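In case you want the letters, here they are:
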Amino acid sequence: MKDVIIIGAGPCGLSAAIECQRQGLSSLIIEKNFIVHSIYLYPTNMQFFSTAPLLEIGDVPFTSPNDKPYRHEALVYYRRAAAQHKLDIAAYEEALSVQPQEDGTFLIHTVNKRGEEQTRSAANVVISTGYFDQPNLIGIPGEELPKVTHYFGEAHPYTGMKVTVIGGSNSAVDAALELIRVGAKVDMVYRGSSISDNIKPWVRPVFEGMVQKGNITLHLESRVTEITPASVVVTGASGESRELDNDFVLAMTGFRPSRALLSSAGVLMDDSLDKPAFDPSTMESNIPGIYVAGVIASGRNANEVFIESGRGHGRLIADHIVSKRQK
């Protein structure tokens, strides 16, 4: 029996484990992949919007020669923070369900990478499962083709190819800029009248320059309505459609958190916002002893919570668990 089991070894889950440890609570992190898997899935050359100090957890300094650190630096940092605090992490073990018990404790049913199932028990559960496992699907014919992906790692595989990027956020812009550096022909399709206002300020002028030079063809107020093995169909605001030759599609349409574990435990969900019920001062859900941390606490807009804000959830949770014990 652990005092706390944290599900998810992202930055916010790691931070929650550290804060519980500081309060003298025994804890275990269950992670179905490996430590900070979501950051590993970021583009290889991605630079964070936040500065290094805003990504720190557990009072472990994040030093970087760059004003804003890169993905590879963050991977090293979070591995070091977990090792320094000697966190107990069960990697490659997936939590399948969380079952409240009559005595107020919880059973967590899991399966590891060998297919072995087991049941773990805890007095409290923190669900911090992130959102990178569920891309927002467009729901158009051809989206299931192997040439379509919702994840962008690096540009090299697309050298000299005709690539359509769907989206107008930072991820779409970053991908488009990397693609033209390897000689890809890039069409970028976005439903808005302009790209997102939240584009990193040091990136926007570079992107706009590439569009003006014709290196990136930007289709605004447009949607991809069909994908075929050799083309994409782009439909404009007035309903006119055109077919573009295409080799690959990068659908940078964002992600949404999975609510399966929350639902299995009986946590109430706001159907209009797809958001779990919880007290923002403690992060405790409507089920006493079940907490949320990180982006899982957000609604349909996963950008409501970032590392720099979600890392503080762990302290609220640990403080609340200890306060309940003292009553």
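Residues numbered from 1 in each chain as written. Predicted model: local features only at pLDDT ≥ 70, side-chain atom pairs only at ≥ 80, totals over all residues. Heavy atoms only, no water.

Enquirer: Looking at this model, I keep getting lost on the environment of His 320. Mind explaining?
Expert: Note on placement: His 320 falls in helix 8 (residues 313-326). Among the residues examined, His 320 registers a relative accessible area of 17% and is labelled buried. Sequence spacing of His 320 and Pro 65 is 255 residues, and the spatial spacing of their C-alpha atoms is 37 Å. (Helix = DSSP H or I, 4+ residues; strand = E, 2+ residues; numbered from the N terminus. Buried < 20%, exposed > 50% of the residue type's maximum accessible area, 1.4 Å probe, protein only.)

Enquirer: Whenever I open this one, the pairing of strand 12 (residues 231-236) confuses me. Can you help?
Expert: Taken residue by residue, a regular strand's side chains alternate between the two faces of the sheet. The element strand 12 is largely enclosed, with a buried count of six among its six residues. Taking every second residue as pointing to the same face, both faces of strand 12 are buried, with Ser 231, Val 233 and Thr 235 on one and Val 232, Val 234 and Gly 236 on the other. Remark: two residues form the turn of the hairpin made by strand 11 (residues 222-228) and strand 12, two consecutive strands paired antiparallel. The hairpin turn running from strand 12 into strand 13 (residues 241-245), its antiparallel successor, is four residues long, and Gly 239 in that turn takes a positive phi close to 100°. (Pairing = 2+ DSSP bridges.)

Enquirer: What should I look at first to understand the pairing of strand 1 (residues 2-7) in this one?
Expert: Taken across its six residues, strand 1 has five buried, putting it largely inside the fold. Where strand 1 lies against strand 6 (residues 117-127), five bridges are found, and the strand directions are parallel. When the bridges of strand 6 are listed, Ile 6 appears paired with Val 126. Bridge analysis of strand 1 against strand 2 (residues 27-31) gives four bridges, and the strand direction is parallel. Counterpart to Ile 7 in the pairing with strand 2 is Ile 30. Handedness of the β-α-β unit built from strand 1, helix 1 (residues 11-22) and strand 2 comes out right-handed. (Right-handed = clockwise from strand over helix to strand, strands pointing away.)

Enquirer: In this structure, what is going on with the nonpolar core? I would like to understand it.
Expert: Taken as a class, soluble globular proteins show a tendency for nonpolar side chains to be buried jointly. Ranked by internal contacts, the top residues of the largest apolar core, which has 60 residues, are Ile 7, Leu 14, Ile 39, Tyr 78, Val 98 and Ile 108. Of the residues forming this core, the biggest block, six residues, is contributed by helix 3 (residues 71-84). Ignoring anything within four residues of it in the chain, the contact list for Leu 14 reads Ala 9, Ile 29, Ile 35, Val 36, Ile 57, Tyr 78, Ala 82, Leu 87 and Ile 89. Tyr 158, Leu 179, Val 186 and Phe 207 belong to the second-largest nonpolar core, a separate cluster that totals 23 residues. (Core = buried A, V, L, I, M, F, W, Y, C linked by side-chain atoms within 4.5 Å. Contact = heavy atoms within 4.5 Å.)

Enquirer: I would appreciate a short explanation of the sheet that holds strand 13 in the present structure.
Expert: The strands making up a sheet associate through hydrogen bonds between their backbones, and the pairing can be parallel or antiparallel. Strand order across the open sheet formed by three strands is 11-12-13, with antiparallel pairing between neighbours. The strands lining the two open edges of the sheet, one partner per strand, are strand 11 and strand 13. The sheet shows a mean angle of 25° between the axes of neighbouring strands, taken without regard to direction. Relative to strand 13, strand 12 is paired through five bridges, and the arrangement is antiparallel. Residue pairing across strands places Val 232 opposite Leu 244, the latter belonging to strand 13. (Axes fitted to C-alpha atoms, helices over the stretch in contact; angles between N-to-C directions.)

Enquirer: How should the pattern of salt bridges be read in this particular structure?
Expert: For side chains bearing opposite charge, pairing can occur when the charged atoms are close. Here the structure, examined in full by the defined rule, presents twelve salt bridges. Across the pair Glu 208 and Arg 204 runs a salt bridge whose closest N-O atoms are separated by 3.6 Å. Here Glu 208 and its partner Arg 204 are both found in helix 5 (residues 204-212), four residues apart, which amounts to about one turn of the helix. One connected set of salt bridges, linked through shared partners, spans Glu 19, Arg 22, Asp 59 and Arg 315. (Salt bridge = Lys/Arg side-chain N within 4 Å of Asp/Glu carboxyl O.)

Enquirer: What's the story with the packing of aromatic side chains in this structure? I'm lost.
Expert: How two aromatic rings sit relative to each other is set out by the distance from centre to centre and by the angle between their planes. Within the structure shown, the criterion is met by nine aromatic pairs. When the centroid spacing of 4.4 Å and the interplanar angle of 5° are considered together, the rings of Phe 62 and Tyr 77 count as stacked. Remark: Tyr 77 occurs in helix 3 and Phe 62 occurs in the loop between helix 2 (37-40) and helix 3; sequence separation between them is 15 residues. Owing to a relative accessible area of 1%, Tyr 77 belongs among the buried residues under this scheme. Consider the rings of Tyr 77 and Tyr 78, whose centres lie 5.0 Å apart with planes at 75°: the pair is edge-to-face. Accessibility classification places Tyr 77 together with Tyr 78 in one group, the buried group. Here the aromatic residues Phe 34, Tyr 40 and Tyr 92 are joined through ring pairs into a cluster of three or more. (Phe/Tyr/Trp six-rings, centres within 6.5 Å; stacked < 30°, edge-to-face > 60°.)

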